[in-house]
Amino acid sequence: MDALLEQFLIEGRDQRREAARALERLSVAADDAHALEACFRAVHTLKGSTGLFDLAPMGQMLHVAEDRLEAARKTGLLQRADQLPLLRIVDLIEDWLEHLAAYGALPADAAERAADAGSTLTRAGRYDDLTRPGVTRIHYVPREDAYFAGDDPLAIIKAVPHLTALRISLRDQASGALYDPFHCRLVLDAASSAPPEVIAKALALVADQVDLTTSAMPEAGALEAASLEPGAPEARSPESQAARTVRLSAERLDEMARLTEELTAARNGLMDLARQVEHLPGGHDLASGLSARLGRVDRLSEELRAVIGQARLVPLSGLLERLPRVVRSLSQTLNKPAALTLSGGALELDRSVVDGLFDPLLHILRNAMDHGLEPASERAASGKPQMGALHVVARRQAGEVAIDIKDDGAGVNLGAIRARAVARGVLDARSADQLDPDALLELIFHPGFTTARTAGAISGRGVGMDAVRAAIAQLGGRVQVRSTTGQGTTITLIMPASIMLTPLALVVCGQARYAVPLAAVERSARIDSGQAADAVHLADLVGAQRRSGSTTLTVLQLQRGALLVVDGVIGRLDAAVKPLTGLMAGAPGFVGSVTTADGLALLVLDVESLAR
Amino acid sequence: MIKVLIVDDSPLMRRVLGEILSEAEGFELAFARDGIEALQMADAFSPDVITLDVQMPRLDGLQVLERLMVERPRPVVMVSSLTQQGAETTLNALERGAIDFVPKPGGPASLHIDELAPLVVDKVRAAAAAQPKRARALQSTSVRGRPRKTASLARRRTFSLDTGPGLIIVGASTGGPPALEAVLGGLPEDLPWPVVVAQHMPAAFTGSLARRLDGLCELQVLEVIAPTVLETGRVYIARGDADMIVSRRGESLVALPAPSDRALRWHPSVDRLAASALANLDASKLIGVLLTGMGDDGAASLAAIRQAGGRTIAQSQESAVVWGMPGVLARLGGADEILDLEKMADQIVDWISAS
Amino acid sequence: MSIIEDGANIRLEGLCRVEDAEPLTVLLQSGRFETVDISSCDGLHSAVTQALLVFGPTIIGEAADPFVRDWIAPALRAQRQPDQGEV
């Protein structure tokens, strides 16, 4: 079977299970926000992956389900009437995934059943004159609190050029007795003959509430099973080889990694105890005995850690090879010719990181194709080759793996960002004007600041660059963006080569403890205060008092020779560094936090920025 | 120079608040990492204002607040997360004598730093000028205890426009929650007029405020999240981040949330609520009460109610945390009475009995 | 003031903003009005349009504003037609 389809089946089953589980929870408590979110996300992701194959009926059905869940997510409540139809859809998906696994295609009656299942969820919308060929259909369901949010949905539609039709209807029959005029119940269906990207731009502010369909595209028809390339069956590994390798389930491997981390954490606890014993009267001998044995535990757990870490590493090639197909299909849908080059597939990353990278990469590529690359005509006019160039390059960078996603499109429109930031109330006009280009670019990661897009098949709803950043942060990585007007945008994902524990030096300054990545420390030393003229004082950085009166100072000598003055070095710790979240994410000088054996959260210094 | 003590166990949060205030100028700052240090610094540094994190090791924010209020009262501004639990704790703190609160940076529903900074500066400045109270509300709640709440639906009447009773409008801002508790808590269960309340607060907090007042008052207290028919014996709290207006549905008087009027600075707006009440009811059937708070919201509209023949109360300067709104009302000559909190409920009942 | 009572007719004048949706609701709910005249209307907020859609008065007049005249008014009239049998 096609390796890509196999991957889809594995993920699809997970997502279906996730959705089913969430629906079960919702049948108990229809307002369970976590379950709603989980269900929406599972359906959303599954719908997104469906678009990579010719699984139109499945995609349509999931799209309807997603609509419904999105509405529920906004009201915070899944309507009882929707629960059973949704469960039926999820069951149908299960059947179809298994059918797909067995026969490589959906069952023959899939389109019919999809329409059936979908119509139980939505009152079928009639579009009349909205379906003229060549126009783009706009289906806009404003948020129920749109008026409170300051939106005027009709004014937004008014801004769409070349309107050819407008229908205004109500999403439900408003009750007369206590009618609430400020609860938005409108459903706006419109059509425009303007190019889809122009329409999308006009609706950018409410992209999450709008579906665009260009009727020139073939209506979702019956599935053509033939288009699922049958291909040669994959060569099976010979029996003899199977005897020497044991297939280990990914869960088992995860469990082993988790236990190793716990072992290391437990060891850290013992180290603490050993230090305390040291200070007891007569405890010195006991302490050194303890230390010696701990040293051996240390080495063994280090080896174990390394072995498991090795076993978890997989090459990036499996991930990267899934991308050309995405680009091909997007290129067709958007009518933008584009070529994708890949490099660095041999680099290895932790399996969970590689798995987790697919959705963010997909999203970034969609953005690049959808908004980065200009239409071919525009490219020709500005002297660029008509074929857009996309590069995904994985490379090593200072012990981490960086993945660049480059396009040679128009670059990010800073003016538009500024305008949207002001329109969305993220910034006032005055501070927006004062922001430099880098800070403006940074705004695309602001929650709710999703980039413009046509919804539906191309880019999903409700998942923006903020979600990309969050997903990458969860994997222990970070996202950078560079953009040059007219020349393109590069988004760089910087991922840890291993998400296992990081060795840290613990230092004290003032009354707080901080951690410094050991990899960045050459050595620690005590030096004469006279020699420390160029040194950086940690106290200054964290707003503590410099310790005074001492003629010698404790310093960490960092790479490139920089000196960091601390009040003391109190030990070492191996821990998983978690990225800072929320407002703290922007705090200069820190890369993350770690949790010590006694549950305290310590900040980890960003040595690179300190050394500058 | 306003001396501000920033109390927070997170070095980063201390730094964020510290930077916000030092960029604003006019502040001298000191920091404490936990409750014990805070109490020591309150003596050593003698701050004009204290910003207090709720969750801290050793001695948490509420405990610190209680000791401060007993031992050396100072204006305290709570730093609160905009969550359900944050709302409850913050209201507890306001009841125990904190002046005001600002949302905590970095929470799930947090404001952007550019919006947060001016808010923090404004609130800390206002708090510096405010008068901390010695755990006033503690006495009142412990004495009164939990009132019985008898469901006397038979006596509850829907508000009729022609023959119906009047309406009490209450506006409050900084220092409002404990003041509301004192006024509303003093009103009897069989109060024949409904009460509508606009307390400047975010939407994350008004639901908790309503639930809390409901537990403390004889009257039923609820938050208005959709058009609601006004009934006697009930108090209607405006939902935050929006305005509330009074209007009609057939013969009934209703209150409903309305999108914030962008021309006004504070929401829910007291002026908009009072003006909508005056548009729907004869002024003689209105009583306006303006409680503690920054700014002047409500002063103009309550003065208009008095001018048209209605009655109004401004909170006295001595009992107000910030004598902004009631002060402006008094200066406009818009107040029939200028009263301490404890006397307001009786005055309201007297006026209603006489009419 | 953009909402004017005129016998059994309501006249919308100038820009009808979001806050006008409530007074318009009160009038339409009273049952005293059959028609809404939009000939001097320079713009309709969605909330006002929604109230017109919910209560379904007959829309009369040609609006001054082209978007109201060419798009909103026809859309409102089109929605009203199927119900007229019941009225």
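Rules used in this analysis
- Residues numbered from 1 in each chain as written.
- Chains lettered and ligands numbered in written order.
- Predicted model: local features only at pLDDT ≥ 70, side-chain atom pairs only at ≥ 80, totals over all residues.
- Heavy atoms only, no water.
- Helix = DSSP H or I, 4+ residues; strand = E, 2+ residues; numbered from the N terminus.
- Buried < 20%, exposed > 50% of the residue type's maximum accessible area, 1.4 Å probe, protein only.
- Contact = heavy atoms within 4.5 Å.
- Pairing = 2+ DSSP bridges.
- Right-handed = clockwise from strand over helix to strand, strands pointing away.
- Buried area = accessible area lost by both parts, 1.4 Å probe.
- Salt bridge = Lys/Arg side-chain N within 4 Å of Asp/Glu carboxyl O.
- Polar contact = N/O pair within 3.5 Å; in protein donor to acceptor, adjacent residues only side chain to side chain.
- Nonpolar A, V, L, I, M, F, W, Y, C, P; charged D, E, K, R; others polar.
- Phe/Tyr/Trp six-rings, centres within 6.5 Å; stacked < 30°, edge-to-face > 60°.
- pLDDT = per-residue confidence, 0-100.

Our next topic: the overall build of chain C. Secondary structure assignment for chain C yields three helices and four strands. Element order for chain C, N to C, with α for helix and β for strand: β-β-α-β-α-β-α. Looking at chain C residue by residue over its 87 residues, the buried ones come to 49%. Across chain C, contacts joining residues at least 24 apart in sequence account for 56% of those joining residues at least 6 apart.

Another aspect to go through is the pairing of strand S2 (residues 9-16) of chain C. Where a strand is regular, its side chains alternate between the two sheet faces. Residues and elements named next belong to chain C. By the bridge criterion, four bridges tie strand S1 (residues 3-6) to S2 in an arrangement that is antiparallel. Bridge pairing links Ile4 to Arg11 in S2. Taking the residues between adjacent antiparallel strands as the criterion, S1 and S2 are bridged by two residues, where Gly7 takes a positive phi near 65 degrees. Two strands pair when backbone bridges link them, and S2 and strand S3 (residues 35-44) are joined in this way by seven bridges, in the parallel orientation. For Gly14, the partnering residue across the bridge sits in S3 and is Cys41. Handedness of the crossover is the feature at issue here: the chain leaves S2, passes through helix H1 (residues 21-29), returns alongside S3, and the resulting connection is right-handed.

What follows covers helix H2 (residues 46-55) of chain C. Buried residues dominate H2(C), accounting for eight of its 10 residues. Taken together, the buried positions of H2(C) are Ser46(C), Ala47(C), Val48(C), Thr49(C), Gln50(C), Ala51(C), Leu52(C) and Leu53(C).

Moving on, we come to the interface of chain C and chain B. Facing six residues of chain C, the contacting portion of chain B comprises eight residues. For the pairing of chain C and chain B, the buried interface totals around 470 Å² over both sides, and the portion due to carbon and sulfur atoms is 54%. Among the residues chain C hides against chain B, the three largest losses belong to Glu22(C), Val26(C) and Gln29(C). Together they make up 74% of the total. One can count one salt bridge joining chain C with chain B. Measuring nitrogen to oxygen at the nearest pair gives 2.9 Å for the salt bridge that ties Glu22(C) to Arg249(B). On the surface where chain C and chain B come into contact, there are two residue pairs in polar contact (both at pLDDT 80 or more).

All names here are of chain A. One ladder, built from six bridges, connects strand S6 (residues 338-343) with strand S8 (residues 388-397); its direction is parallel. Bridge pairing links Leu342 to Val392 in S8. Where S8 lies against strand S9 (residues 400-407), eight bridges are found, and the strand directions are antiparallel. Directly across from Val393, in S9, lies its bridge partner Asp404.

Attention now moves to the interface of chain C and chain A. Counting residues at the interface gives 22 residues for chain C and 26 residues for chain A. With both chains or domains summed, chain C and chain A bury close to 1900 Å², and 68% of this area falls on carbon and sulfur atoms. Looking only at chain C, the three residues that lose the most surface to chain A are Gln50(C), Phe67(C) and Trp71(C), adding up to 32% of its buried area. Where chain C meets chain A, there are one salt bridge. Close ionic contact of Asp65(C) with Lys158(A) constitutes a salt bridge, the shortest N to O distance being 4.0 Å. Put simply, the parts of the chain that give the side of chain C that touches chain A at least two residues each are H1, H2 and helix H3 (66-80) of chain C. The leading source of residues in the side of chain C that touches chain A is H2(C), at eight residues. Split by residue class, the side of chain C that touches chain A holds 12 nonpolar, seven polar and three charged.

This part takes up the side chain of Asp8(B). Note that Asp8(B) resides in the loop between strand S1 (2-7) and helix H1 (11-24). On the accessibility criterion, Asp8(B) (0% relative accessible area) is buried.

Attention now moves to the packing of aromatic side chains. Residues and elements named next belong to chain A. Applying the stated criterion to the full structure yields three aromatic pairs over all chains. Plain terms: the ring middles of Phe8 and Phe53 are 4.9 Å apart, the flat faces sit at 45 degrees to each other, and that makes the pair tilted. Placement of Phe8 in helix H1 (residues 3-28) and of Phe53 in the loop between helix H2 (33-50) and helix H3 (56-75) is noted, with a sequence separation of 45 residues between them. As far as burial versus exposure is concerned, Phe8 and Phe53 are alike and both buried.

Residue and element names in this part refer to chain B. Tracing the backbone through its elements, the reader meets Thr89 in helix H4 (residues 84-95). Thr89 sits in the buried class, given a relative accessible area of 17%. In the structure, Thr89 is positioned 35 residues away from Val54 in sequence and 7.7 Å away in space, judged by C-alpha atoms. Once residues lying within four places of it in the same chain are set aside, the contact partners of Thr89 are Val54 and Leu62.

This paragraph deals with the confidence of the model for chain A. All names here are of chain A. Of all residues in chain A, 80% attain a pLDDT of 70 or more, and the chain-wide mean is 76. Ranking the elements of chain A by mean pLDDT puts helix H8 (residues 239-244) last with 38 and helix H6 (residues 153-158) first with 93. Every residue in residues 122-129 is under pLDDT 50, and counting partners more than four places away or in other chains gives nine contacts. Residue range residues 215-244 is modelled with pLDDT below 50. Its contacts to residues more than four positions away, or to other chains, number 22 contacts.

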